[in-house]
Amino acid sequence: MATAVTERTGLEVRLEGLSRHFGDVRALDNLDLTLHPGELVALLGPSGCGKTTALRLVAGLDEPDAGRILVGDRDVTHMPANKRDMGMVFQSYSLFPHLTTQENVAFGLKLRGTDRGAREKRAKEMLELVGLGHQANRYANQLSGGQQQRVALARALAIEPSVLLLDEPLSALDAKVRAQLRDEIRRVQLEVGTTALFVTHDQEEALAVADRVGVMNKGKIEQLAEPETLYNQPASHFVAEFVGLMNRVPCHVADGRVEVLGATLGAREGSLPSGPGDALVRPEQLEVAAAEGGSGRVITVSFLGSITRVRVRMPNGSELLAQASGAEAARLAADQVVTVSITAADVLVAPAD
Amino acid sequence: MSRTPRQQRARRLRTFRITVFVALGLFFLVPLISMAEYSTRVNGGGRSGAAWAALVTDPDLRSGILTSLELAVLTVVGMIVLLVPTMVWVRLRVPKAARTIEFLCLLPLTIPALVIVVGIAPVYAWVTYFLGNSALTLTFAYVVLVLPYSFRALDAGLSGIDVQTLSDAARSLGAGWFTVIARVIVPNIASALLSAAFISVALVLGEYTFASLLDFQNMQVVIDYLGKSNSQASVAASLAALIFGFLLLLLLTLVGRRRRGEPAVLAPTPQPGQEG
Ligand SMILES: Nc1ncnc2c1ncn2[C@@H]1O[C@H](COP(=O)(O)OP(=O)(O)OP(=O)(O)O)[C@@H](O)[C@H]1O
Ligand SMILES: [Mg+2]
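This structure is a prediction, so every number in the text was calculated from the model and none was measured.

Asks: Would you take a moment to explain the overall build of chain A for this structure?
Replies: Within chain A one finds nine helices and 20 strands. Principal axes of the C-alpha set define a box for chain A whose edges measure 80 × 45 × 35 Å. Looking at the 353 residues of chain A, the share that counts as buried comes to 52%. Nonlocal contacts in chain A, meaning residues at least 24 apart in sequence, comprise 69% of its contacts between residues at least 6 apart. Roughly 15,500 Å² of accessible area belongs to chain A as shown, and the carbon and sulfur atoms make up 48% of that amount. Taken together, the 37 basic and 45 acidic charged side chains of chain A have centroids lying 6 Å from each other.

Asks: Explanation requested: the nonpolar core in the structure shown.
Replies: As a rule of thumb, soluble globular proteins bury nonpolar side chains together. Ranked by size, the top nonpolar core spans 101 residues in total, and within it Phe96(A), Leu165(A), Leu197(A), Leu61(B), Tyr142(B) and Leu154(B) carry the most contacts. Those residues in contact with Leu61(B) that sit more than four places away from it in its chain are Ala54(B), Leu55(B), Val222(B), Ile223(B), Leu226(B), Ala233(B) and Ala237(B). Counting 44 residues, the second largest nonpolar core, distinct from the first, contains Leu95(A), Leu127(A), Ala225(A) and Val239(A).

Asks: In this structure, what is going on with helix H5 (residues 113-131) of chain B? I would like to understand it.
Replies: Residue and element names in this part refer to chain B. End to end, H5 covers just 23 Å across 19 residues, shorter than the expected 27 Å (1.5 Å per residue, more than 12% under). At alanine 121, H5 shows its largest kink, close to 45°, and the proline proline 122 lies no more than four residues downstream. Listing the buried residues of H5 in full gives Ile116, Val117, Tyr124 and Val127.

Asks: Would you mind showing me how to read a nonpolar patch on the surface here?
Replies: Residue and element names in this part refer to chain B. A cluster of nonpolar side chains, Phe103, Leu104, Leu107, Ile111, Leu114, Val115 and Leu213, forms an exposed patch at the surface whose accessible area comes to about 630 Å². Listed by contribution, the elements that provide at least two residues to the nonpolar patch are helix H4 (98-110) and H5. The element that contributes the greatest number of residues to the nonpolar patch is H4, accounting for three residues. Inspection of the secondary structure assignment puts isoleucine 111 in the loop between H4 and H5.

Asks: Hey, could you run me through the UniProt feature "domain: ABC transporter" (unreviewed entry) in chain A in this one?
Replies: Per the UniProt record, "domain: ABC transporter" (unreviewed entry) is annotated on residues 13-243 of chain A. Here residues 13-243 of chain A is 37% helix and 26% strand, with 25 Å between the C-alpha atoms at its ends.

Asks: What exactly am I supposed to notice about the sheet that holds strand S19 (residues 337-342) of chain A here?
Replies: Consider a sheet: its strands pair through backbone hydrogen bonds, and that pairing is either parallel or antiparallel. Residues and elements named next belong to chain A. With antiparallel pairing, the five strands of this open sheet are ordered in space as S15-S19-S16-S17-S18. Both edges of this open sheet fall to strand S15 (286-290) and strand S18 (319-324), since each of them pairs with a single strand only. For this sheet, the mean angle separating the axes of adjacent strands, direction not counted, is 40°. For strand S17 (residues 308-313) and S18, the ladder comprises six bridges, and the chain directions are antiparallel. When the sheet's bridge partners are listed, valine 310 is paired in S18 with alanine 322.

Asks: Got a minute to help me understand the pattern of salt bridges in this structure?
Replies: In a structure, side chains of opposite charge can pair up when their charged atoms sit close to one another. Residue and element names in this part refer to chain A. Applying the stated criterion to the full structure yields 32 salt bridges over all chains. In this structure, the salt-bridge partner of aspartate 278 is arginine 248, at a minimum N-O distance of 2.9 Å. Taken together, the positions of aspartate 278 in strand S14 (residues 275-281) and arginine 248 in strand S11 (residues 247-254) put the pair 30 residues apart, joining distant regions of the chain. One exposure class covers both aspartate 278 and arginine 248, and it is buried. Through salt bridges that share partners, Arg14, Glu16, Arg68 and Asp75 make up one connected network.

Asks: Even after reading the chapter, I still don't get the sheet that holds strand S13 (residues 263-267) of chain A, so can you show me in this structure?
Replies: All names here are of chain A. If you trace the five strands once around the closed barrel, you get S11-S12-S13-S20-S14, paired in mixed fashion. Ignoring strand direction, the axes of neighbouring strands in this sheet form an average angle of 55°. As paired strands, S11 and S14 are joined by seven bridges and run antiparallel to one another. Bridge pairing in S14 places histidine 252 opposite proline 276.

Each value, and the rule that gives it
- Residues numbered from 1 in each chain as written.
- Chains lettered and ligands numbered in written order.
- Predicted model: local features only at pLDDT ≥ 70, side-chain atom pairs only at ≥ 80, totals over all residues.
- Heavy atoms only, no water.
- Helix = DSSP H or I, 4+ residues; strand = E, 2+ residues; numbered from the N terminus.
- Buried < 20%, exposed > 50% of the residue type's maximum accessible area, 1.4 Å probe, protein only.
- Contact = heavy atoms within 4.5 Å.
- Areas by Shrake-Rupley, 256 points an atom, 1.4 Å probe, with all protein chains shown as cover.
- Lys, Arg positive; Asp, Glu negative; His and termini not counted.
- Charge placed at Lys NZ, Arg CZ, Asp CG, Glu CD.
- Core = buried A, V, L, I, M, F, W, Y, C linked by side-chain atoms within 4.5 Å.
- Expected span 1.5 Å × (residues − 1).
- Bend = angle between axes of the 7 residues up to and from the residue.
- Patch = residues over 30% accessible without salt bridge, like charges linked within 9 Å, V, L, I, M, F, W, Y side chains within 5 Å.
- Salt bridge = Lys/Arg side-chain N within 4 Å of Asp/Glu carboxyl O.
- UniProt positions renumbered as here; feature names shortened; annotations may be inferred.
- Pairing = 2+ DSSP bridges.
- Axes fitted to C-alpha atoms, helices over the stretch in contact; angles between N-to-C directions.

Here it is in structure tokens:
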């Protein structure tokens, strides 16, 4: 299958100071982002933070109020979409209903004047690449949602785009197909070597497929980093809370030290400088142990396969989510009195809310 | 054997249906059959196709029919060229204007034809001045006349597809605006387009008021005029127009049913035939 695709390396894509306003809404606010050649960057953020807007600007389907977009050495900011050579996969189903799967994939090539033989050959190869070689003569309404998105991917790749843009291509699919297809998208992208921008609001999806993840908030990128860095060293409390599960534990900061749950830890960069705040602690950094005279009380114990999640109510009324391994979890039950301690060496402290 | 109330009800319903069907059938068929009978009658007994032959031999009638057919084609072309790009553009770029456009397109429906004619008569003085005195200049008036019906049909067709996503997809694959409309939008609203076109044809073939008052000789005007001298030929022409309109609507229904993957879209159907 891999031989079907010509060996290419992607282009660098740079967004510089992009802004886009809709009336009073600042959909994008001076956004900077650089994608290295061949890299897959995921844009992750809550609904309405401007992800689609950013993607549409890159695709040329909308124009920025300010800023530049560079692909390779070319400034494409004001180039119309149909001249940009970008493959795009949309959130909603976008196959042309009057064309078969194969004709859909060949559409872009037909517009480029590729002759019929070459066109059909390429369309077949692309369909093979996404595992739908046997469905060439079907119409969109005869395909499942997952299959339609695969065809859309094949169609976007058939034109050998300089950049591949994916706008939540999996959000309409159920969880299982989603996980499968996202891995497949990643495999295909690596195989083709195209620079890709993948928009999603699903953090698991972003962390699983991307080389780097950009977390967006209110039209800006809060942090752009590798998935591990993003998870372990979030640059802001927005990122910390948006990516992965996070507890807020009341604490006190002074002189770069944090007092929390009876322990004194280091304060991470970006923390509140001093005063009372909330320490952001992941469930796996909280240890729960059954103990007489402990301050917490177990609310629920949920067995999730490899791990067990324990929900604990603290004396101040707040709830904490902790993670326990099999042996410890077996001894816990609802209403049990427990102690909760932090295993991390340093924490990020956010202003209390 | 006694029947349950339910069976009785079903039976009564069936009787009612058949009665209605027969009554309506007679209501529509009797005039048509009478027209056919009258148009082929020969004084003193026997049948003759002379009146029907006049459809092609009578120079006035023939030119009236040709004019109306040409007008129908031009109107359909004008309507499509005007409406399709506009409606697509409004959907994509200025959705706020959608209400205004709809209001404008439906306006001719609310104004009596007579009033419109009086209003556009001065405009036609200019049209004739620039484009000559051809009956085909009626195309402009007719495009306005068919606007409400074709708008409804096309609107239903466009609502059935995701115009925004399809055109975004096509553009990112390299299609310019013309290609987007011609190769992506149009094929996917084909049955709505057909429906809009057929309705327009039926309307134009039955149009009398505009042509008569603006002093052009289209089919209906000639039919009306002939009614005084050769009433049989006039009736034959009316019947032919009715049958043609009926066949168009039938075709429309069949086409709408046959197309797969796309909902059959039928516009509100105006009654084809004479107004005068
Ligand atoms: N065409 C438009 N007209 C007016 N406002 C718009 C338009 N497009 C986007 N917006 C606004 O801009 C903001 C960002 O929208 P955008 O679609 O980029 O969000 P998103 O991050 O893709 O969200 P989601 O995850 O829900 O898709 C939103 O507040 C939205 O209401
Ligand atoms: Mg979006």
